[in-house]
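Coordinates in review
Each chain, written out:
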Amino acid sequence: MQKSFEDFKFNRQILNAITEAGYEEPTPIQQKAITPILAGQDVMGIAQTGTGKTAAYVLPMLMKLKYAQGSDPRALILSPTRELAMQIEENIRLFAKYTDLRTVVLYGGLGPKTQIAELEKGVDIIVATPGRFLDLYLAEHINTKQLKFLVMDEADKMMDMGFIGKIHRILEVVPRKRQNLLFSATMSELVHKIAGDFLAFPTVVEVSPQATPANTVSQQLYLVPNTKTKINLLQYLLKDDEDFHRLIIFSKTKNTADNIYRFLLRKYGEEEVRVIHANKGQNTRINSINAFKEGSVRMLVATDVAARGLDVSDVSHVINFDIPIVIEDYVHRIGRTGRATKSGVAISMATPAEQYYVNKIEKLIRQQIPVADMPDEVFVEKTGFEEQQAQAREIDLQKRKENPDFKGAFHDKKASNLKVNKSKKDKAGKKKMGGQTKRKR
Ligand code: AMP
């Protein structure tokens, strides 16, 4: 049965933080992992990034730690990379915001001074890469005696990166009596081995890698400079109404969905196209879906939210008018086509600012989406000033997300003018690198 977050008996502080994070219901890995973790079992979770695995262990862990206590850490989360460590810490902060639990994140690549100072203030949860953790432990900045919770995240990556020796060393210095959790995207031989060393009678929870699109779906990606060109491309594709006989056009937002709908309505009339999104009344929505299901209308424009739970799968084409930011939605979207033995086509359109999400999706699905050539018949519009600015801003934000030290090539113009020549030079270099079609193929 589907559980809601309320069913887990989290306390109010955590439930409020979950609501504020906008999580409405637990993801499959959360459904499966939270109860055994709350019950104190060792858990091995086979789940990829993107499945919600972080909250699957962070939430029950916070529930068990409850509030700040003493000065030594009670939970240690090991991560293969600094990026993941920071993401995990962000998740913890998000959900612990109504508690007084203290988190410190430790990773290499910069001096340990600040991290040591943080540790000295007292800590409940440490998120760390194995090397930096060991260094600080050996320098006696960390007392492991109170550790009751040990999590190894992305264990397969840890093994690939050769951390096995360090992991064993860490296992020697933490108390024996503790709860262990291991998460891994895959179940390689080495992961199996470390799980054997690490976990006691674990409960294994697994989510089917929904991140693998059916191989009956052929995927294509068009690199498009701007929205107007997307419309031109859409118009071109839809001309082939024999091939494109039943299609869903996806967009992230209601606004874009409405714009696409209005455009198609003018061209094809209400007999051929409907739109569904959260602002449409339930009846209109059901009517639209039924008309599409019966085959009386050819095209359905939908947002991800509206399409959730939509029981229409057998479509010839899925067109991603934009690239979903919640990257798992990509797999959901294209899963509407190519069901059973039928083949389907998923066509995505990405502007330079969306390339970031395309890269993430490709990592998630472990495939490169083949890039299609822009047909000669499609008029490629010039990108207007406003859209250009919006794209540049978006790309800047993405870079900051990846590297918090990144000084925006776009935002910080004023501040950077005050700096010395060297930073000017750096900035020029970065600008060049910020090329929008940095796609390795
Ligand atoms: P993860 O697999 O932990 O990296 O999570 C992937 C993304 O899903 C993150 O952006 C989370 O914030 C988001 N997420 C995790 N759990 C939920 C949920 N129950 N509802 C909505 N989003 C979620």
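The shown structure was predicted, so the numbers you read here are calculated from the model rather than taken from an experiment.

So, the side chain of Thr54
- As for its position among the elements, Thr54 is in helix H3 (residues 53-65).
- For Thr54, the contacting residues outside a window of four places in its chain are Ile88 and Asn91.

Focus on helix H11 (residues 254-268)
- Taking 1.5 Å per residue, 15 residues should reach 21 Å; H11 reaches 20 Å between its end C-alpha atoms and fits that length.
- Those residues of H11 that are buried lie in contact with helix H10 (227-238), strand E9 (247-251), strand E10 (273-276) and strand E11 (299-303).

Details of the nonpolar core
- Among the nonpolar cores identified, the biggest contains 42 residues, and Phe10, Tyr57, Leu59, Leu62, Ile77 and Ile92 are the most heavily contacted of them.
- Elements represented by at least two residues in this core include exactly helix H1 (12-21), helix H2 (28-38), H3, strand E2 (75-78), helix H4 (82-95), strand E4 (125-128), strand E5 (149-152) and strand E6 (179-184).
- The element best represented in this core is H3, accounting for nine residues.
- With sequence-adjacent residues up to four places away left out, Leu62 is seen in contact with Ile14, Ile92, Phe95, Ala96, Leu101 and Ile125.
- Among the nonpolar cores identified, the runner-up in size contains 33 residues, and Leu106, Val123, Leu150 and Val174 belong to it.

Details of the pattern of salt bridges
- Scanning all chains against the criterion turns up 17 salt bridges.
- One salt bridge in this structure joins Asp322 and Arg333, with 3.4 Å as the shortest N-O distance. Taken together, the residues span a long stretch of sequence, with Asp322 in the loop between strand E12 (317-320) and helix H14 (328-334) and Arg333 in helix H14 at a distance of 11 residues.
- For Arg333, a relative accessible area of 1% gives the class buried.
- Three or more residues joined by partner-sharing salt bridges are found here, namely Arg74, Arg102 and Asp124.

Considering the packing of helix H15 (residues 355-365) against helix H16 (residues 385-402)
- Interaxial distance between H15 and H16 falls to 10 Å at its minimum, and their mutual angle equals 45 degrees. In terms of orientation, H15 and H16 fall into the oblique class. Here Tyr356, Tyr357 and Lys360 of H15 lie close against H16, whose contacting residues are Glu394, Gln398, Lys401 and Glu402.
- Split by residue class, the contact of H15 with H16 holds two nonpolar, one polar and four charged.

A closer look at the sheet that holds E12
- Pairing is parallel in the open sheet, where six strands are placed in the order E8-E13-E12-E9-E11-E10. Edge positions in the sheet fall to strand E8 (217-223) and E10, since each has one partner strand and no second. The sheet shows a mean angle of 15 degrees between the axes of neighbouring strands, taken without regard to direction.
- Looking at chain direction, E8 and strand E13 (residues 344-350) are connected through seven bridges and run parallel. Directly across from Leu221, in E13, lies its bridge partner Ser348.
- Seen against the sheet, H10 touches E8, E9, E11, E12 and E13 and runs at an angle of roughly 160 degrees to E13.

A closer look at the sheet that holds strand E7 (residues 203-206)
- Strand order in the open sheet formed by seven strands is E3-E4-E2-E5-E6-E1-E7, and the pairing between neighbours is parallel. Edge strands, defined here as strands with exactly one partner in the open sheet, are strand E3 (103-106) and E7. The average undirected angle you get between the axes of adjacent strands in this sheet is 15 degrees.
- Bridge count for E2 against E5 is four bridges, and the pairing is parallel. Pairing of Leu78 across the sheet is with Met152, part of E5.

Rules used in this analysis
- Residues numbered from 1 in each chain as written.
- Predicted model: local features only at pLDDT ≥ 70, side-chain atom pairs only at ≥ 80, totals over all residues.
- Heavy atoms only, no water.
- Helix = DSSP H or I, 4+ residues; strand = E, 2+ residues; numbered from the N terminus.
- Contact = heavy atoms within 4.5 Å.
- Expected span 1.5 Å × (residues − 1).
- Core = buried A, V, L, I, M, F, W, Y, C linked by side-chain atoms within 4.5 Å.
- Buried < 20%, exposed > 50% of the residue type's maximum accessible area, 1.4 Å probe, protein only.
- Salt bridge = Lys/Arg side-chain N within 4 Å of Asp/Glu carboxyl O.
- Axes fitted to C-alpha atoms, helices over the stretch in contact; angles between N-to-C directions.
- Parallel < 35°, antiparallel > 145°, perpendicular 65-115°, else oblique.
- Nonpolar A, V, L, I, M, F, W, Y, C, P; charged D, E, K, R; others polar.
- Pairing = 2+ DSSP bridges.

So yeah, pure geometry; function would need other evidence.
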